[in-house]
Amino acid sequence: MTADQAPVLWPLITSPALPPRGAQMGLELFSRCSFFADPNGWVLDPDIPVSNPNVFCFGKPGMGKSATVKAFCLRMMGFGYRTLVLGDPKDEYEILCRTLGVEPIAVGQGLPTRINPLDFGPLGRHWDRLDATEARRRATVVFSRWLTLLRGLVGSQKVGDRPVPFGPSEETVLDAALQLLTGYTDGNTRLTETTVPLLWRLLDNPPERLVEECRFASVRQFLDDTRLLRDSLGKLVHGSLRGLFDDRTTIDLDWTAPIQSLSLSRLEALGDEAVGMALMCLNSWGRAMREVAEPGDLRVVVRDESWKQLRLGTEAVKSFDADLRLSRRDGDIQFAIAHKPSDLLSAGDTTSQAAAIAKDLLHLADTKILHGQDQKVADELQSLLGLPPAATDLVTDWCRQTPGRALWVLGDRIHKVVTYLTPAERELTFTNQALLGAREP
Ligand SMILES: Nc1ncnc2c1ncn2[C@@H]1O[C@H](COP(=O)(O)OP(=O)(O)O)[C@@H](O)[C@H]1O
Ligand SMILES: [Mg+2]
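A quick note: this is a predicted structure, and the numbers were derived from the prediction, not measured. Residue indices begin from 1 for each chain and proceed along its sequence in written order. Each chain is given a letter, starting from A, and each ligand a number, starting from 1, according to the order in which they appear as written. For a predicted model such as this one, the threshold for reporting local features is a pLDDT of at least 70, and the threshold for listing and counting side-chain atom pairs is 80 or more; totals across whole chains, interfaces and linings nevertheless cover every residue. The side-chain quantities take in all heavy atoms of the structure and omit both hydrogens and water.

Here we take up the packing of helix α5 (residues 132–155) against helix α6 (residues 168–182). Contact geometry of α5 with α6 gives a least axis separation of 10 Å together with a crossing angle of 130 degrees. As far as their axial angle goes, α6 and α5 are oblique. In the crossing of α5 with α6, the sense of the turn from one axis to the other is right-handed. On the side of α5, the interface is formed by Phe-143, Trp-146, Leu-147, Leu-150 and Arg-151, while α6 contributes Glu-171, Leu-174, Asp-175, Leu-178, Gln-179 and Thr-182. Polar here means any residue other than Ala, Val, Leu, Ile, Met, Phe, Trp, Tyr, Cys and Pro, which are nonpolar, and Asp, Glu, Lys and Arg, which are charged; Gly is therefore polar. Of the residues contributing to the contact of α5 with α6, the split by class is six nonpolar, two polar and three charged. Simply put, an axis is a line fit to the C-alpha atoms, just over the touching stretch for a helix, and the angle between two N-to-C directions goes from 0 to 180 degrees. Helix and strand assignments follow DSSP, with helices taken as H or I runs no shorter than four residues and strands as E runs no shorter than two, numbered in order from the N terminus. In this scheme, roughly parallel covers angles under 35 degrees and roughly antiparallel covers those over 145, while 65 to 115 is roughly perpendicular and the rest are oblique. In this scheme, a crossing is called left-handed if the near helix is turned counterclockwise away from the far one by less than a right angle; it is called right-handed if the turn is clockwise. Should any heavy atoms of two residues lie within 4.5 Å, those residues are counted as being in contact.

What follows is the structure in structure tokens.
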């Protein structure tokens, strides 16, 4: 009998176990073997159907998504990987950092930490020594990163229930303004770092040459036509970004430390939208920081609670997409956590464009970890992820029963995995403090 016919008689035989390389996560129940996660190794292995090392992790709150990524990061450290947590909205990575001897960086109003999302990043170094072609190449990368972020920040704001429009004219104005502010327009050998408040101020008092460059007939026309753009930037400067992302970066990450994390819990009181905006700034800044890295610098870049950014709207999803898509290809594993696949569809946007963006975004991670979900998410598991019905049932039933149970979907291969935590890891990943506190008299 051929291998085609064999499964009819032995239907319970499924994918073979994965090779024992990388982080040992727990038990794979189809093969009854230990389960090892090694995303970069999987890319190199022609027998495993993944072509990028990125991971999306979905699941209801409390199903063990964060614990899984923390255990994964810890266990990959033995293989030389370091961890970068781009935004920790609940400060839950702090204990992990301190255990590893690293002080997490707190971001919040009234604290000295500033992160400039318009930082040049390592690409801006030694600008005066670059030849013209290389300078142009780098400028394209840097300016387009800034524009994507600004488009996301502006387009996430609303007029009524519509997003603030951001079209080619807005892009032209911002691009010209950024070039002017940095000195790129003048072909300077040293570029000046700029910030969102400086950008806003320049647009509010546009110099003649900016007005001309953007082909407006007069300063008056410039001001009239850019009112919405200026007001949106102004709102950011006075609102979500104030005291956090509005000045030059004050931190210098030690890339040799085992972990680095940016704690955001102080922003919680400002609301989900502010946290979403903060995550967007951090994601973009983090991408910049990783644009150049030492050879052999292997890192897991964690984006926990990504849904807060994604639900700001289509422009925020596009910005997230760009950050993942353009992230460093070699050595970095992008690990993004959301609740459910439709988070990528961006709130309320049911257009086919939004669906196409979500599907594209899903393709950026060939590995998906599916923790427990409610029955009502079953449809989207099938439609967005193409999960077969039997596997969908596992996600809504078996995985739902205990944290740590998940399907690991590698391309079209499905593994049924229980992640085991050591007693020490249980303490490091414990996130039910509030519940415990409520129970005690
Ligand atoms: N594999 C596991 N084994 C035992 N407990 C786990 C496991 N995964 C998670 N937990 C516990 O469940 C709780 C919720 O996990 P968490 O990772 O914070 O969920 P999520 O990030 O999905 O909201 C935590 O207290 C954690 O310690
Ligand atoms: Mg979590």
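A few words now on the site of ligand 1. Residues are classed as near a molecule or strand on a simple rule: at least one heavy atom within 4 Å of it. Taken together, 17 residues form the shell around ligand 1, and within it Gly-62, Ser-66, Ala-67, Thr-419 and Thr-431 come nearest. Under this definition, polar contacts are N or O atom pairs within 3.5 Å; protein pairs additionally need one hydrogen-donor-capable and one acceptor-capable atom, and for neighbouring residues in sequence, both atoms have to be side-chain atoms. One nitrogen or oxygen atom from the main chain of Thr-419 is found 2.8 Å from a nitrogen atom belonging to ligand 1. Within the backbone of Thr-429, an N or O atom sits 3.3 Å from an oxygen atom of ligand 1. With residues, only the protein chains shown are counted as cover, and all accessible areas are computed by Shrake-Rupley using a 1.4 Å probe. Burial of ligand 1 by the protein amounts to 89% of the accessible area it has alone, namely 560 Å². Judged by the fraction of its atoms near the pocket grid, ligand 1 is located in the largest pocket. Contributions of two or more residues to the shell around ligand 1 are made by α3 (65–77) and α17 (423–429). For the shell around ligand 1, the leading source of residues is α3, giving three residues. For cavity detection a 1 Å grid was placed over the protein atoms alone, and a set of points counts as a cavity when a 1.4 Å probe fits there but cannot get out; an open set counts as a pocket when protein lies on both sides within 12 Å along at least five of seven lines, with lining residues being those that have an atom within 4 Å of a point. In this scheme, a molecule is assigned to a cavity or pocket if more than half of its atoms are within 2 Å of the grid points.

To continue, consider the side chain of Ser-284. Secondary-structure assignment places Ser-284 in helix α11 (residues 272–289). Accessibility expressed as a relative area gives 1% for Ser-284, which makes it buried. The contact partners of Ser-284, leaving out residues within four places of it in the chain, are Arg-145, Leu-149 and Asp-323. For the exposure calls, accessible area comes from a 1.4 Å probe over protein chains only, and a residue counts as buried if that area is under 20% of its type's maximum, exposed if over 50%, partly exposed in between.

Another point: the domain arrangement of the protein chain. Accessible area lost upon the coming together of the parts serves often as the stated size of an interface. How far each domain reaches was decided by an automatic or database domain assignment. What the domain assignment reports for the protein chain is domain 1 (6–107 + 258–439) and domain 2 (123–238). Here domain 1 and domain 2 have C-alpha centroids that lie 33 Å from each other. Contacts between the two partners involve 14 residues from domain 1 and, on the opposite side, 13 residues from domain 2. Two parts lose some accessible area (1.4 Å probe) when they are put together, and adding that loss for both gives the buried area. Buried area between domain 1 and domain 2, both sides added, is near 1200 Å², and the carbon and sulfur share of it is 63%. On the domain 1 side of the contact with domain 2, Met-277, Glu-291 and Glu-315 bury the most area, a combined 38% of that side's loss. We define a salt bridge as a side-chain nitrogen of Lys or Arg found within 4 Å of a carboxyl oxygen belonging to Asp or Glu. For the interface between domain 1 and domain 2, the tally reads two salt bridges. Arg-151 serves as the salt-bridge partner of Glu-315, at 3.8 Å between the closest nitrogen and oxygen. Taken together, the links from domain 1 to domain 2 amount to one residue pair in polar contact (both at pLDDT 80 or more).

Pairing between two strands requires that DSSP report at least two bridges joining them. As summarised here, the arrangement of the 11 strands in space is β2-β1-β13-β12-β11-β3-β10-β9-β4-β8-β5, forming an open sheet in which the pairing is mixed. In this open sheet, the two strands that pair with only one neighbour each are β2 (33–37) and β5 (105–106). Looking at chain direction, strand β4 (residues 81–88) and strand β8 (residues 259–263) are connected through four bridges and run parallel. Along β8, the bridge assignment pairs Leu-84 with Gln-260. In the packing of α11 onto the sheet, contacts are made with β4, β8 and β9 (298–303), and the angle to β4 comes to roughly 150 degrees. Against the sheet, helix α13 (residues 314–325) engages β3 (55–58), β9 and β10 (332–338), with an angle of about 170 degrees to β9.

The subject of this paragraph is the layout of surface pockets. Grid points are joined across faces, edges and corners, and a volume is the space filled by probe spheres set on the points. Reported here for the largest pocket is a volume of approximately 860 Å³. At the level of elements, α3, α4 (94–99), β13 (413–419) and α17 are the ones that each hand at least two residues to the lining of the largest pocket. With five residues, α3 is the single largest residue contributor to the lining of the largest pocket. Along the lines of polarity and charge, the residues of the lining of the largest pocket split into 12 nonpolar, 12 polar and nine charged. Taken together, 31 residues make up the lining of the second largest pocket; nearest its centre are Gly-121, Pro-122, Arg-125, Asp-252 and Met-289.

Attention now goes to empty space enclosed by the protein. Considering all chains together, one arrives at two cavities of 30 Å³ or more under this definition. Roughly 40 Å³ of volume is contained in the largest cavity. Forming the boundary of the largest cavity are Leu-86, Leu-279, Asn-283, Arg-303, Asp-304, Ser-306, Gln-309 and Phe-320. Here the residues of the lining of the largest cavity sort into three nonpolar, three polar and two charged. Volume-wise, the second largest cavity comes out at about 30 Å³. Of all the secondary structure elements, the ones that give two or more residues to the lining of the second largest cavity are α11, β9 and β10.

One recurring pattern in soluble globular proteins is that nonpolar side chains are buried together. The criterion is simple. A nonpolar core is a set of buried Ala, Val, Leu, Ile, Met, Phe, Trp, Tyr and Cys residues joined through side-chain atoms within 4.5 Å. Core analysis: the largest hydrophobic core is formed by 63 residues, its most contacted members being Leu-174, Leu-203, Leu-210, Leu-233, Phe-245 and Leu-262. Listing elements by their share of this core, those giving two or more residues are β4, α5, α6, α7 (196–204), α8 (208–213), α9 (219–225), α10 (227–238) and α11. If you tally residues by element for this core, the top one is α5, at 10 residues. Each of two domains, domain 1 (6–107 + 258–439) and domain 2 (123–238), supplies a minimum of three residues to this core. Residues in contact with Leu-262, not counting those within four places in the same chain, are Val-85, Leu-86, Gly-87, Asp-88, Ile-105, Val-107, Ile-115, Ile-251, Leu-282 and Trp-285. Counting 35 residues, the second-largest nonpolar core is a separate cluster that includes Leu-18, Val-69, Cys-73 and Ile-333.

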